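# Close look at the chain arrangement
The lines below spell out each chain.
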Amino acid sequence: MKDYHELIDKLNLIAHPEGGYYRRNWQSLFTGDLVDSNKKLVFPTRTIGSSSIYMLPTSEVSAWHRLNCDEMWHHYSGSPLRLYVLTSHKGLESFVLGSDILAGQNPQIVVHRHSWAAAEVIEADSYALCGCTLWPAFSYTDFELADPSKLIDEFPAHKETILQIAKRVK
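In this report, we go over the structure that sits alongside the text.

Criteria and cut-off values
- Residues numbered from 1 in each chain as written.
- Predicted model: local features only at pLDDT ≥ 70, side-chain atom pairs only at ≥ 80, totals over all residues.
- Heavy atoms only, no water.
- Salt bridge = Lys/Arg side-chain N within 4 Å of Asp/Glu carboxyl O.
- Helix = DSSP H or I, 4+ residues; strand = E, 2+ residues; numbered from the N terminus.
- Buried < 20%, exposed > 50% of the residue type's maximum accessible area, 1.4 Å probe, protein only.
- Phe/Tyr/Trp six-rings, centres within 6.5 Å; stacked < 30°, edge-to-face > 60°.
- Contact = heavy atoms within 4.5 Å.
- Polar contact = N/O pair within 3.5 Å; in protein donor to acceptor, adjacent residues only side chain to side chain.
- Arc of directions from axis to C-beta.

## Quick look at the pattern of salt bridges
Enumeration over the complete set of coordinates arrives at three salt bridges. The salt bridge partner of R46 is D142, with a shortest N-O separation of 2.2 Å. Here R46 is found in strand β4 (residues 41–47), whereas its partner D142 is found in the loop between β12 (127–135) and β13 (143–145), with 96 residues between them in sequence. Of the two residues, R46 and D142, both sit in the buried class. Of the charged contacts in the structure, one is a salt bridge between R66 and E144, with a shortest N-O distance of 2.8 Å. Pair noted here: R66 is in strand β6 (residues 61–67) and E144 is in strand β13, with a separation of 78 residues, a long-range link. Note on R66: relative accessible area 25%, which makes it partly exposed.

Now the structure itself:
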């Protein structure tokens, strides 16, 4: 396996509850009341954005989770990463986050708020070094880990993919 432990140390990353390692590296100094497209107040007096460095080794997965904010994933180095997104509107979507654009990889992928997401590194014995930018700023009050059985109840047609990730959660 490509040694990712040196990156963990160099970037001061810590274990993330969904899997992998992270560190918040930016939070906006701006705050405000954030409203949706219907002018409904969604986030009163909230910091408008934040970003984190995120590293996922092949030996782990990013478990099924959802956020109450929009999240943009960015690929920096290492293996490409497969990002799964589940919504009631589109069902299961699969994206490849990576830097080889000519091979169909995307250097940035947006996961919209309330979408279930999970990820795994594509190449064996490797890691993916990514970044995540969130609007509004990340707060653990916006974070929910999925109960796989409830996710299967909600999306029975995608049971195989849900379990594929759930079985690898440490």
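Once the structure has been displayed, the description carries forward.
## Things to note about the packing of aromatic side chains
Counting across every chain of the model gives six aromatic pairs. Members of the aromatic cluster, joined through ring pairs, are F138, Y140 and F143.

## Let's talk about the environment of L129
The topology assignment puts L129 in strand β12. On the basis of relative accessible area, L129 is assigned to the buried category, the value being 11%. For the pair L129 and F143, spaced 14 residues apart in sequence, the C-alpha separation works out to 21 Å. The residues contacting L129, other than those within four sequence positions of it, are L11, I53, Y54, M55, H74, H75, Y76 and S77.

## Notes on the side chain of S115
Note that S115 resides in the loop between β10 (108–111) and β11 (116–121). Since its relative accessible area comes to 8%, S115 is described here as buried. Engagement of the side chain of S115 in a polar contact is seen with the backbone oxygen of H112, the distance being 2.9 Å. When residues no more than four places from it in sequence are discounted, the contact partners of S115 are H65, R66, L67, V85, L86 and T87.

## Structural notes on helix α3 (residues 159–166)
Note: α-helices contain 3.6 residues per turn, so residues at a spacing of three or four share the same orientation. Among all positions of α3, only T161, I162 and I165 are buried. Along the axis of α3, the buried positions cluster into a sector of 100°, meaning they face one direction only. Turning to α3, the residues buried within the fold contact β6, β8 (81–87), β9 (91–97), β11 and α2 (148–154).

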